[in-house]
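Topology and contacts: notes
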Amino acid sequence: MSTIQLPAGSPGARILGIGEYRPRRRVTNDELSQTMDTNDEWIRTRVGIRERRWADDDETVVEMSVAAGGKALAASGLSPEDVDLVVVASCSLPTQIPGAGPEVAHRLGIPRPGGYDVNAGCAGFCYALSAASDAIRAGSARHALVIGVEKLTDVVDMTDRSTAVIFADGAGAMVLGASDEPGVGPVVWGSDGDQRDAIAIPAPGQPDAGNLTMAGQAVYRWATTKLTETLQQAMDRAGVTAADIDVFAPHQANLRIIELMAKRLGLAESTVIARDVAQAGNTSSASVPLALSALLESGEAKSGDLALLLGYGAGLTFAGQVVRLP
Ligand SMILES: CC(C)(COP(=O)(O)OP(=O)(O)OC[C@H]1O[C@@H](n2cnc3c(N)ncnc32)[C@H](O)[C@@H]1OP(=O)(O)O)[C@@H](O)C(=O)NCCC(=O)NCCS
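- Per an unreviewed UniProt entry, the chain goes by Beta-ketoacyl-[acyl-carrier-protein] synthase III and derives from Klenkia taihuensis.
- UniProt annotates the chain under Subunit (unreviewed entry) with the comment "Homodimer."
- As stated in UniProt under Subcellular location (unreviewed entry), the record for the chain gives "Cytoplasm".

Laid out in structure tokens, this is it:
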């Protein structure tokens, strides 16, 4: 009887390049307060958002993905032919089928890669990053493009102040490749499906159909009581301590949650904390790569830094890992 052969794979995967796309239109809190019953002070103190980006009609999920993916590819120094896996994380895809992965790959000139989408709510990017890293380690792919993208303005009721001031649009991307030294640590992921109704886009025929709804206080409680442990486990499994973390880049949902997590983890004074929510709003699957991209761009984070990532959201889902920045 013949045995099934497996490829040798690779000891690790590492990030080779990061790219981003932020929609052209900036929307300030003051602008929102002209059309709904809200104000700059409430938004800044409760959530930490100062402005966000809203995509125009031509800034589609695919266009934003192509822009961010193209920049990540350029930063990696690879050519499109080198990439054999494209994973797009999103919960605001315009169609159920076809998925965005194959189209984004085609637009970037990547010939016939594995291409699929991941929907794990706002944890989507960290789930996709782990799946791509594992594929490289297993030898199923040599180089992978992972994109987190959202056009949440398509699925938010723009007259509902409880969500319209929070959610926004954008895309972030990473190119991964095989490496002898691991640059993506083990993922710690999970889900609490008993809280599936806490964040949802209800199906047709249901109340609020098509509009993102969120039980904000319940999610806040869950995030601030359950997820510090996940972050600690992600560091433990990667064999690092809080003192080793140069950059903390959790999902950009609420500045208060970010600061609380950072405090509980006992991160060093010198650890750079991502606060991209202030200018990007909550961009769900796109928030972690967008935040990292901004920190690298500004010089606050540098090549070789160890970053602790965490995604969490609808499901409820969560995923965290330690990575080395390119
Ligand atoms: C959403 C969130 C910012 C809301 O903040 P909050 O402090 O919980 O606020 P609440 O929803 O309790 O609302 C408090 C009050 O502000 C009001 N309010 C809500 N949105 C408002 C707005 N945009 N402007 C002004 N007032 C607002 C509410 O009506 C309520 O008024 P009331 O006390 O008179 O009833 C916060 O709960 C949160 O960040 N949750 C976690 C979100 C998250 O992590 N998601 C993860 C995945 S996306």
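1. Describing the domain arrangement of the chain
- When the domains of the chain are assigned, the result is domain 1 (12-179) and domain 2 (188-324).
- A straight line from the C-alpha centre of domain 1 to that of domain 2 covers 15 Å.
- A combined buried area of about 3300 Å² lies between domain 1 and domain 2, and 62% of that area is made up of carbon and sulfur atoms.
- Between Asp276 and Arg22 there is a salt bridge, and its shortest N-O distance comes to 3.2 Å.
- Counting every contact that joins domain 1 to domain 2 gives 17 residue pairs in polar contact (both at pLDDT 80 or more).
- Elements with a contribution of two residues or more to the side of domain 1 that touches domain 2: β1 (12-21), α2 (40-46), β3 (51-54), α5 (124-138), β6 (143-151) and β7 (169-179).
- Partitioned by chemical class, the residues of the side of domain 1 that touches domain 2 number 24 nonpolar, ten polar and ten charged.

2. Side note on unusual backbone geometry
- Of note, the bond from Ile97 into Pro98 is cis; its omega dihedral lies within 30 degrees of zero at -5°.
- Among the structural elements, Pro98 can be located in the loop between β4 (85-89) and α4 (100-107).
- Residue Leu316 is bonded to the preceding Gly315 through a cis peptide linkage, with omega at -10°.
- One can find Leu316 in the loop between β13 (306-313) and β14 (317-324).
- Residue Ser284 is not a glycine yet carries a positive backbone phi of 50°.

3. Structural notes on the packing of aromatic side chains
- Applying the stated criterion across every chain yields a total of three aromatic pairs.
- Taken together, a centroid distance of 6.3 Å and an interplanar angle of 55° make the contact between Trp222 and Phe318 tilted. Of this pair, Trp222 sits in helix α7 (residues 216-238) while Phe318 sits in strand β14, and the two are 96 residues apart along the sequence. Here the two residues Trp222 and Phe318 agree in accessibility, since each one is buried.
- Members of the aromatic cluster, connected to one another through ring pairs, are Trp222, Tyr312 and Phe318.

4. Details of α4
- Every buried residue of α4 is accounted for by Ala100, Gly101, Val104 and Ala105. Buried residues of α4 fall within an arc of 130° about the axis and therefore sit on the same side.
- The inward-facing, buried residues of α4 abut α3 (61-76), β4, β5 (114-118) and β6.
- Immediately beyond the C-terminal end of α4, within one or two residues, lies Gly109, with a positive phi of roughly 75°.

5. Remarks on the site of the ligand
- Taken together, 25 residues sit near the ligand, with Thr38, Arg46, Arg161, Gln217 and Asn254 positioned nearest.
- Take Arg256: an N or O atom from its side chain is 3.4 Å from an oxygen atom of the ligand.
- For the ligand, whose unbound accessible area comes to 970 Å², protein coverage reaches 74%.
- Put simply, the parts of the chain that give the shell around the ligand at least two residues each are α2, α6 (161-164), α7, α8 (255-265) and β13.
- Taken together, the residues of the shell around the ligand break down into 13 nonpolar, eight polar and four charged.

6. Structural notes on the UniProt feature "domain: Beta-ketoacyl-[acyl-carrier-protein] synthase III C-terminal" (unreviewed entry) in the chain
- UniProt's feature table lists "domain: Beta-ketoacyl-[acyl-carrier-protein] synthase III C-terminal" (unreviewed entry) at residues 235-324, given in the numbering used throughout.
- What you have in residues 235-324 is 34% helix and 24% strand, and the ends, taken at the C-alpha atoms, are 13 Å apart.

7. A look at the pairing of β13
- Buried residues dominate β13, accounting for eight of its eight residues.
- Burial along β13 is two-sided: Leu306, Leu308, Leu310 and Tyr312 facing one way and Ala307, Leu309, Gly311 and Gly313 facing the other are all buried.
- Where strand β11 (residues 247-250) and β13 come together, four bridges link them in parallel fashion. Considered in β13, the bridge of Ala249 is made with Leu309.

What counts and how
Residues numbered from 1 in each chain as written. Predicted model: local features only at pLDDT ≥ 70, side-chain atom pairs only at ≥ 80, totals over all residues. Heavy atoms only, no water. UniProt positions renumbered as here; feature names shortened; annotations may be inferred. Domains from an automatic or database assignment. Buried area = accessible area lost by both parts, 1.4 Å probe. Salt bridge = Lys/Arg side-chain N within 4 Å of Asp/Glu carboxyl O. Polar contact = N/O pair within 3.5 Å; in protein donor to acceptor, adjacent residues only side chain to side chain. Helix = DSSP H or I, 4+ residues; strand = E, 2+ residues; numbered from the N terminus. Nonpolar A, V, L, I, M, F, W, Y, C, P; charged D, E, K, R; others polar. Phe/Tyr/Trp six-rings, centres within 6.5 Å; stacked < 30°, edge-to-face > 60°. Buried < 20%, exposed > 50% of the residue type's maximum accessible area, 1.4 Å probe, protein only. Arc of directions from axis to C-beta. Contact = heavy atoms within 4.5 Å. Near = heavy atom within 4 Å. Areas by Shrake-Rupley, 256 points an atom, 1.4 Å probe, with all protein chains shown as cover. Pairing = 2+ DSSP bridges.

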